[in-house]
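Chain by chain, the residues:
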Amino acid sequence: DTQLNVFGNFHPVLPAAYADARFIFLANIDPDLQYEVLQQVPHAKLRAMDTMNYWIESKRAALTRTMAAVDVVTMNEAEVRQFAGTSSLVAAARTILALGPKTLVVKKGEYGCVVFGHLFGFFDISPSGANPGSSYWDHPEWYDRDRALFRRYMPLCAELCRAGWEPMPLASVG
């Protein structure tokens with residue numbers, strides 16, 4: 001039984017100085033409240049959110065509206081599948097990206113995460129499902145083939161980030 005307690009009748013009002021924030025991360029809370037916060041930061045360059053199974057079950061319409069209004073959605077693997085109603089992680093990612101976010105970060109616990117998005121590159125997928133088989137993820141035989149390329153590619157991405165290039169996130173290479 002989830003109790004909202006103080007958040008039951010809460011409506012966030014951000015200080016005026018926050019209206020020009022460049023980045024906003026909406027932590028896991030009622031998606032209606034997340035959306036209210038988004039409306040108060042209209043010029044954010046990057047808008048990200050997290051959610052959970054409770055909101056998928058109890059506030060799906062509000063969650064869908066909020067997901068459509070952000071750039072990045074983070075969810076755990078089970079929640080991604082639950083939201084999309086499919087066991088296929090790739091199909092579920094397509095469903096979520098079709099709502100409007102540019103990136104989906106799928107949290108996989110101690111195994112890290114998988115990132116799907118509309119960015120040009122190996123992990124590009126078509127959110128509509130058009131051109132099935134065109135996604136890198138649809139070709140597991142390519143993973144080993146490209147391992148050396150990734151070892152060269154990721155340090156270049158990190159260097160571009162240090163130089164200020166956007167929107168590529170900083171990548172760590174071990």
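The structure we're discussing is the one just above.
Residues numbered from 1 in each chain as written. Predicted model: local features only at pLDDT ≥ 70, side-chain atom pairs only at ≥ 80, totals over all residues. Heavy atoms only, no water.

Evaluated as defined, the whole model comprises one aromatic pair. A centroid spacing of 4.7 Å and a plane angle of 75° characterise the contact between Tyr54 and Trp55, whose relative ring orientation is edge-to-face. A relative accessible area of 23% means that Tyr54 is categorised as partly exposed. The ring of Phe83 is capped by Arg60, whose NZ or CZ atom sits 4.1 Å from the centre of that ring. Seen from the ring of Tyr35, Arg65 lies directly overhead, with NZ or CZ sitting 3.9 Å from the centre. (Phe/Tyr/Trp six-rings, centres within 6.5 Å; stacked < 30°, edge-to-face > 60°. Buried < 20%, exposed > 50% of the residue type's maximum accessible area, 1.4 Å probe, protein only. Lys NZ or Arg CZ within 6 Å of the ring centre and 35° of its normal.)

It is worth spelling out the pattern of salt bridges at this point. Per the counting criterion, the structure on display carries eight salt bridges. In this structure, Arg47 and Asp71 form a salt bridge, with 3.0 Å as the shortest nitrogen-oxygen distance. Taken as a pair, Arg47 in strand E2 (residues 46-50) and Asp71 in the loop between helix H3 (60-68) and strand E3 (72-76) lie far apart in primary sequence, 24 residues in all. For Arg47, a relative accessible area of 24% gives the class partly exposed. Here Lys107 makes a salt bridge to Asp50, at a shortest N to O gap of 3.0 Å. Within this pair, whereas Lys107 is found in strand E4 (residues 103-107), its partner Asp50 is found in strand E2, the two being separated by 57 residues in sequence. Each of Asp30, Asp32, Lys59 and Arg65 takes part in a single network of salt bridges with overlapping partners. (Salt bridge = Lys/Arg side-chain N within 4 Å of Asp/Glu carboxyl O. Helix = DSSP H or I, 4+ residues; strand = E, 2+ residues; numbered from the N terminus.)

Our focus in this paragraph is helix H4 (residues 77-84). Residues three or four positions apart in an α-helix share a direction because the helix packs 3.6 residues into each turn. Those residues of H4 that fall on the buried side of the exposure criterion are Glu79, Val80 and Phe83. Looking straight down H4, one finds its buried side chains confined to an arc of 105°; they lie on one side. Turning to H4, the residues buried within the fold contact helix H2 (53-58), H3, E3, helix H5 (89-97) and E4. With a side-chain oxygen lying 3.0 Å from the backbone nitrogen of Ala78, the N-terminal cap of H4 falls on Asn76. (Arc of directions from axis to C-beta. Contact = heavy atoms within 4.5 Å. Polar contact = N/O pair within 3.5 Å; in protein donor to acceptor, adjacent residues only side chain to side chain.)

On to helix H1 (residues 31-39). What H1 keeps buried is the set Pro31, Leu33, Gln34, Val37 and Leu38. An end-on view of H1 places all buried positions within 155° of arc, on one side of the element. Among the residues of H1, the N-terminal cap falls to Asp30, whose side-chain oxygen and the backbone nitrogen of Asp32 are separated by 2.7 Å.

Geometric descriptors of this kind do not, in isolation, establish any biological role.
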